[in-house]
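As a plain string of letters, each chain reads:
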Amino acid sequence: MGKKTKKPGKGKEKTERKTAKAEEKKARRESKKVSPEDDIDAILLSIQKEEAKKKEIHVEENAPRPSPRSNCSLNINPLKETEMILYGGEFYNGTKTYVYGDLYRYDVNKGDWKLVSSPNSPPPRSAHQAVAWKNYLYIFGGEFTSPNQERFHHYKDFWMLDLKTNQWEQLNYKGCPSPRSGHRMVLYKHKLVVFGGFYDTLREVRYFNDLYVFDLDTFKWQEIKPTPGCLWPSARSGFQLFVHQDDIYLYGGYSKEISSDKNSSEKGIVHSDMWVLDPKTWVWNKVKKGGMPPGPRAGFSMSVHKNRAVLYGGVVDMETEGDVLMSLFLNELYGFQLDIHRWYPLELRKEKSTKDKIKKIKNEETHVPLDNSDDPMEVVTNDEDENMDCDIDDISSSMEKNIKVNGAEVAVKSNSKTHESNSKVLTPCSTLEEVVKPCGRINASMVVGKDTLYIYGGMMEIRDQEITLDDLYALNLSKLDEWKCLIPASESEWVEASEDDEEDDDDDDEDSEDENEEKDDSDEDEDEEDDDDMEAQNDGVLGDAVAIIKGEGKKLRRKEKRARIEQIRASLGLSDSQRTPTPGEALKDFYKRTNGYWQMAAYEHTAHTGKELRKDGFDLAESRYKELKPILDELAILEAEQKAEEAEGPETSNSRKKGTKKNKHLGSK
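As the structure is a computational prediction, the values presented were derived from the model and not from experiment. (Residues numbered from 1 in each chain as written. Predicted model: local features only at pLDDT ≥ 70, side-chain atom pairs only at ≥ 80, totals over all residues. Heavy atoms only, no water.)

> Looking at this model, I keep getting lost on the overall build of the chain. Mind explaining?
A count of helices and strands for the chain gives 11 helices and 35 strands. In the chain, buried positions account for 47% of the 669 residues. Total accessible area on the chain is roughly 34,100 Å²; 47% of this is exposed by carbon and sulfur atoms. (Helix = DSSP H or I, 4+ residues; strand = E, 2+ residues; numbered from the N terminus. Buried < 20%, exposed > 50% of the residue type's maximum accessible area, 1.4 Å probe, protein only. Areas by Shrake-Rupley, 256 points an atom, 1.4 Å probe, with all protein chains shown as cover.)

See below:
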């Protein structure tokens, strides 16, 4: 809409109206400051008074499981390798944020929780750091968020928990880092090394790249300052810091910078660089990413197992047409070989007995002779024809995602059981073994105990709902055979915001817009009313895929349909040609084209060569092919339909452009 011609005398009236509007909003902001739910000092004082009432340590045996949470800490007890220690975290239910200060101990073998309550405990927090050494657990920093997320309090306190007595002690020593959260702290020999993080001042977010060391023998802090001209990582939070032998590695992270446009808006940066720190000289050097590194992402987790670091999860945010922001929550595993600095994907491999069992079932039910060929290039059946036997319900069933949100199911299950049928002959879709793996997430807690990787909690999004998790998964890193769900996810609470809350959010958005539009000469003073919300969709990214494939997605406008197709492709890793069959590509051709990728992935955890390596690589490729083939076939049909619709003519719509979704989770704690 073009500018209107100004009328004489209207400029003064317009200025007065804007001034009155600004004063009204300022008064509203001031009133929020005194809200009891946002008075952090009063909240923390109340918590402190309650803590003072505790007189003795109490351990509740066989306690109920912890509530769903993210940004908590999880550590292996150095005194007992089969016990994990969970502390703190946060939960958001759509209207309120809850921050925890509870301490749990989980016995992996027995599968039971202990809830520990002690006098003089730290105040509740999330996005802190915890390191276990000898018989102590050390905690530094973190943040407390008001229920309405209007105020933040960053900690710089330092605590020590005696794992033998469950007694807390606050360590007050000079020279500690400034208040922060989203930082990282690791143990190198007898020293705690702290780097980075962020501090929210309400008006701006400050990111750090300072380096501090705490000596556990002398109990002294030391700041390591960069020398002129030296290499040094940029300021960031939400990165990963891990130790291997005499090296400390830093990977990824997130920060914001002021863009150079006229509005001086903030721009998020997802870092994907890697650094190595020599703790003897405190010199940083960049690490060249060799092999097949993961794509840029935020909110991922990393742990070290023997000679490699393992990366899991994270989120990628993509802006699509119409200013729609889509968040893709990943559940990929990557390995980083620490001795040769090479990245590679960690693909799970099937046990031979399981494969033989599946082949036997296929042979018995479909009366196809079992192929005993040893050459993986020859062990190719008519998979392309077999997949055509799967009806749309079978495909949808194989893509179901069990996410429970107020009654709906959270764990990823691919190739799940098909619907009941009167036929006794099983199709290939129904004979495939159910594969259990954790769903994509960010800010999960991840540790390695002996040879086992544990992943607990975290957060993901479905539509505009944040789903906070409380599930626990385990994976044997030596076998890499299967994920085991030790604790399934419970139902996640979500409270829809009231209209008043939404109006407050709209007012906050208007505040920032008005600040950027003071120079605008437009005479439009009244805000346009929002259009009606879109109709509710099925839960889950894969659930969306099912809805579209089954024809339920045709209510979407074309732009949104295109965006949804891209989201499905990205969420399944379909953009990676090395791991994805092309439309109509047979299994044999897919493996021939990508065998280098699969053999490298297989070699990293089998060390086989020659014929054995080719067969291992083929097994991985076959598993991926059968997982994606039905989905790719249906996506091809969907894309063909979309092209046909677009050929019919442009879509007519008077809908307003959707605003960009607030990118909250990329604050990357």
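Now that the structure has been shown, the text picks up again.
> Sorry if this is basic, but what is going on with the pairing of strand 2 (residues 73-77) here?
Within a regular strand, the side chains alternate between the two sheet faces. Across the 5 residues of strand 2, 5 count as buried, placing the element largely inside the fold. Bridge count between strand 2 and strand 3 (residues 80-87): 5 bridges; the pairing is antiparallel. Looking at strand 3, one finds that N77 is bridged to K80. Between strand 2 and strand 3, which pair antiparallel one after the other, the connecting turn spans 2 residues. (Pairing = 2+ DSSP bridges.)

> I would appreciate a short explanation of the pattern of salt bridges in the present structure.
Any two side chains of opposite charge can pair, given that their charged atoms come close. According to the stated counting rule, one finds 20 salt bridges in the structure shown. Note that D246 and K280 form a salt bridge whose closest N and O atoms lie 3.6 Å from each other. Separated by 34 residues along the polypeptide, D246 in the loop between strand 18 (240-244) and strand 19 (247-258) and K280 in the loop between strand 20 (266-278) and strand 21 (283-286) bring together distant segments of the chain. Assessed through its relative accessible area of 30%, D246 is described here as partly exposed. In this structure, the salt-bridge partner of E622 is K626, at a minimum N-O distance of 3.4 Å. Remark: K626 and E622 occur in helix 11 (residues 610-648); sequence separation between them is 4 residues, near one turn of the helix. Summarising the burial analysis for this pair, E622 and K626 share the class buried. By sharing partners, the salt bridges in this structure join E90, E143 and K669 into a single network. (Salt bridge = Lys/Arg side-chain N within 4 Å of Asp/Glu carboxyl O.)

> Even after reading the chapter, I still don't get helix 2 (residues 40-52), so can you show me in this structure?
Side chains that are three or four residues apart share a direction in an α-helix, a result of its 3.6 residues per turn. Compared with an ideal rise of 1.5 Å per residue, which puts 13 residues at 18 Å, helix 2 spans 18 Å between its outermost C-alpha atoms and is within 8% of the ideal. Along helix 2, the positions that sit buried rather than exposed are I40, I43, L44 and E51. The buried residues of helix 2 occupy an angular sector of 90° when projected down its axis, which confines them to one face. Within helix 2, the exposed residues directed more than 90 degrees away from the buried face are D41, K49 and A52. At its buried positions, helix 2 is contacted by strand 10 (143-145) and strand 11 (152-154). (Expected span 1.5 Å × (residues − 1). Arc of directions from axis to C-beta. Contact = heavy atoms within 4.5 Å.)

> In this structure, what is going on with the side chain of T97? I would like to understand it.
By secondary structure assignment, the location of T97 is in strand 5 (residues 97-99). In contact with T97, other than residues within four places in its own chain, are E90, F91, Y92, T145, S146, P147 and Q149.

> Hey, could you run me through the packing of aromatic side chains in this one?
Note on aromatic pairs: each is described by the distance of the centres and the angle between the planes. In the structure shown here, the tally under the stated rule is 34 aromatic pairs. Consider the rings of Y106 and W113, whose centres lie 4.5 Å apart with planes at 40°: the pair is tilted. On the accessibility criterion, Y106 (3% relative accessible area) is buried. Summarising the aromatic geometry, the rings of F198 and Y207 are spaced 6.1 Å apart at their centres and angled 35° between planes, so their arrangement reads as tilted. Residue classification places F198 among the buried residues on the basis of a relative accessible area of 8%. Cluster of aromatic residues (ring-pair linked, three or more members): Y136, Y138, F140, F158, Y173, Y212, F214, F219 and W221. Seen from the ring of Y155, R125 lies directly overhead, with NZ or CZ sitting 4.0 Å from the centre. Between R180 and the ring centre of F208, over which it is positioned, the NZ or CZ distance is 4.3 Å. (Phe/Tyr/Trp six-rings, centres within 6.5 Å; stacked < 30°, edge-to-face > 60°. Lys NZ or Arg CZ within 6 Å of the ring centre and 35° of its normal.)

> Explanation requested: the nonpolar core in the structure shown.
Side chains that are nonpolar tend, in soluble globular proteins, to be buried together. Among the nonpolar cores identified, the biggest contains 16 residues, and F195, L211 and W284 are the most heavily contacted of them. Elements that contribute at least two residues to this core include exactly strand 14 (184-188), strand 15 (191-200), strand 16 (205-215), strand 19 and strand 20. For L211, the residues in contact, after removing those within four places along its chain, are V193, V194, F195, Q222, E223, I224, W232, L277, W282 and W284. (Core = buried A, V, L, I, M, F, W, Y, C linked by side-chain atoms within 4.5 Å.)

> How should the environment of W113 be read in this particular structure?
In this structure, W113 sits in strand 7 (residues 112-117). For W113, a relative accessible area of 6% translates into the label buried.

> So what exactly am I meant to see when it comes to unusual backbone geometry here?
Negative phi characterises most residues that are not glycine, and trans characterises most peptide bonds. Here K189, not a glycine, exhibits a phi torsion of approximately 55°, which is positive. Even without glycine at this site, L480 takes up a positive phi of about 50°. Looking at where L480 falls in the secondary structure, it is placed in the loop between strand 34 (465-476) and strand 35 (483-487). The class of L480 is buried, set by a relative accessible area of 0%.

> I'm lost on the sheet that holds strand 1 (residues 58-63) in this one. Help?
The strands making up a sheet associate through backbone hydrogen bonding, with each pair oriented either parallel or antiparallel. Taken in spatial order, the 5 strands make up an open sheet running 1-7-6-3-2, and their pairing is antiparallel. Both edges of this open sheet fall to strand 1 and strand 2, since each of them pairs with a single strand only. For this sheet, the mean angle separating the axes of adjacent strands, direction not counted, is 25°. (Axes fitted to C-alpha atoms, helices over the stretch in contact; angles between N-to-C directions.)

> How should I be thinking about the sheet that holds strand 16 in this particular structure?
Reading across from one edge, 14-15-16-17 is the order of the 4 strands in this open sheet, with antiparallel pairing throughout. Since the sheet does not close on itself, it has two edges, and those belong to strand 14 and strand 17 (220-224), each with one partner. Between one strand and the next, the sheet's axes are offset by a mean angle of 25°, whatever the strand orientation. When strand 16 meets strand 17, the two strands line up antiparallel, connected through 5 bridges. Across the sheet, residue V213 finds its bridge partner in strand 17, namely Q222.

> Is there a simple way to explain the environment of Y591 in this structure?
The topology assignment puts Y591 in helix 10 (residues 587-606). Judged by its relative accessible area of 2%, Y591 falls in the buried class. Between the C-alpha atom of Y591 and that of G617, which follows or precedes it by 26 residues, the distance is 8.5 Å.

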